[in-house]
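# Working through the structure, step by step
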Amino acid sequence: MLEIRNLEAWYGESHVLHGVSLDVQDGEVVTLLGRNGAGKTTTLRSVMGLVPRRTGSIRYQGRELIDERSDAIARCGIAYCPEERGIFASLDVTENLLLPPVVQPGGLDLDTIYGLFPNLKERARSQGTKLSGGEQQMLAIARILRTGAKLLLLDEPTEGLAPVIVQQIGRTIHEIKARGFTVLLVEQNFRFAQTVADRHYVMENGRVVDMVPNDQLGASMERLHEYLGV
Ligand code: ATP
């Protein structure tokens, strides 16, 4: 579904990605692991067309995106949920959900969203500012499910959340996968990554240095310990 080959990316003069290659198959949940500054966020932002200078190849469903703008990339059915979540503080939950444009058929309707996220239903009339961190994260994920995007790029969805909320996010990701969505997520929380993902890529210094299927994690633990310090 997504094929990244020899991706290089720059912020100004700063050369951040040095030939990243990875694949995500239709229906998979794949994590990008790695220490701070390894280039995980930049990889997601590059797929979404948000890094101004990038070279190499990013193919989505066979279509080359490396020179496309982010609005065209969104219309292909890719959605990005940034670490800062980006929900509208002055709008309530329902308004936040109704705001994003539907880019492709197959986006979930409000009833389905509220079935998936009962907490959000209870808070339907609450302003963005009144939501807890966990509710904000749920809303940020719910919002991109509305758009019809099939590939969801999630940047550290568990960042700063209490363990019980992290478990809820995990259940949400399982449900999203069961509904046929594909997820590429950046994660610092290794335990969480283990509970949701099919495969893991490890990044270091702007490169992918390892790929581990989730069912082979046990055998790879020593290596991962070196990369991640877990
Ligand atoms: P983190 O978890 O800390 O976000 P990461 O693996 O996601 O880590 P990136 O955010 O992709 O890493 O950052 C990779 C490198 O690019 C870092 O050295 C970072 O300082 C640099 N970088 C990130 N954003 C910018 C920017 N807007 N301008 C300049 N350099 C940046």
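Just so it is clear, the structure is predicted and the values come from calculations on it, not from any experiment.

Calculation rules
Residues numbered from 1 in each chain as written. Predicted model: local features only at pLDDT ≥ 70, side-chain atom pairs only at ≥ 80, totals over all residues. Heavy atoms only, no water. Near = heavy atom within 4 Å. Polar contact = N/O pair within 3.5 Å; in protein donor to acceptor, adjacent residues only side chain to side chain. Areas by Shrake-Rupley, 256 points an atom, 1.4 Å probe, with all protein chains shown as cover. Helix = DSSP H or I, 4+ residues; strand = E, 2+ residues; numbered from the N terminus. Nonpolar A, V, L, I, M, F, W, Y, C, P; charged D, E, K, R; others polar. Pairing = 2+ DSSP bridges. Buried < 20%, exposed > 50% of the residue type's maximum accessible area, 1.4 Å probe, protein only. Contact = heavy atoms within 4.5 Å.

Let's shift gears to the site of the ligand. Around the ligand, the neighbouring residues are Tyr11, Val16, Arg35, Asn36, Gly37, Ala38, Gly39, Lys40, Thr41, Thr42, Glu156 and Gln188. The contact in question runs from an oxygen atom of the ligand to an N or O atom on the backbone of Ala38, over 3.0 Å. A distance of 2.5 Å is found between an oxygen atom of the ligand and a side-chain nitrogen or oxygen belonging to Thr42. Look at the ligand: alone it shows 620 Å² of surface, and the protein chains cover 58% of it. Of the residues forming the shell around the ligand, the biggest block, 3 residues, is contributed by helix 1 (residues 40–47). Tallied by class, residues from the shell around the ligand come to 3 nonpolar, 6 polar and 3 charged.

A few words on the pairing of strand 1 (residues 2–11). The sheet contact formed by strand 1 and strand 2 (residues 14–24) spans 8 bridges and is antiparallel. Each bridged residue has a counterpart across the sheet, and for Glu8 the counterpart in strand 2 is His18. Connecting strand 1 to the next strand, strand 2, in antiparallel fashion are 2 residues, including Gly12 with a positive phi near 60°. Alignment of strand 1 against strand 4 (residues 53–60), held across 7 bridges, turns out to be antiparallel.

On to the side chain of Asp92. Looking at the element boundaries, Asp92 is found in the loop between strand 6 (78–81) and helix 3 (93–98). Assessed through its relative accessible area of 7%, Asp92 is described here as buried. A polar atom in the side chain of Asp92 sits 2.7 Å from the side chain of Arg125. In this structure Asp92 touches Ala124, Arg125, Ser126, Gln127 and Gly128, once residues within four positions along its chain are discounted.

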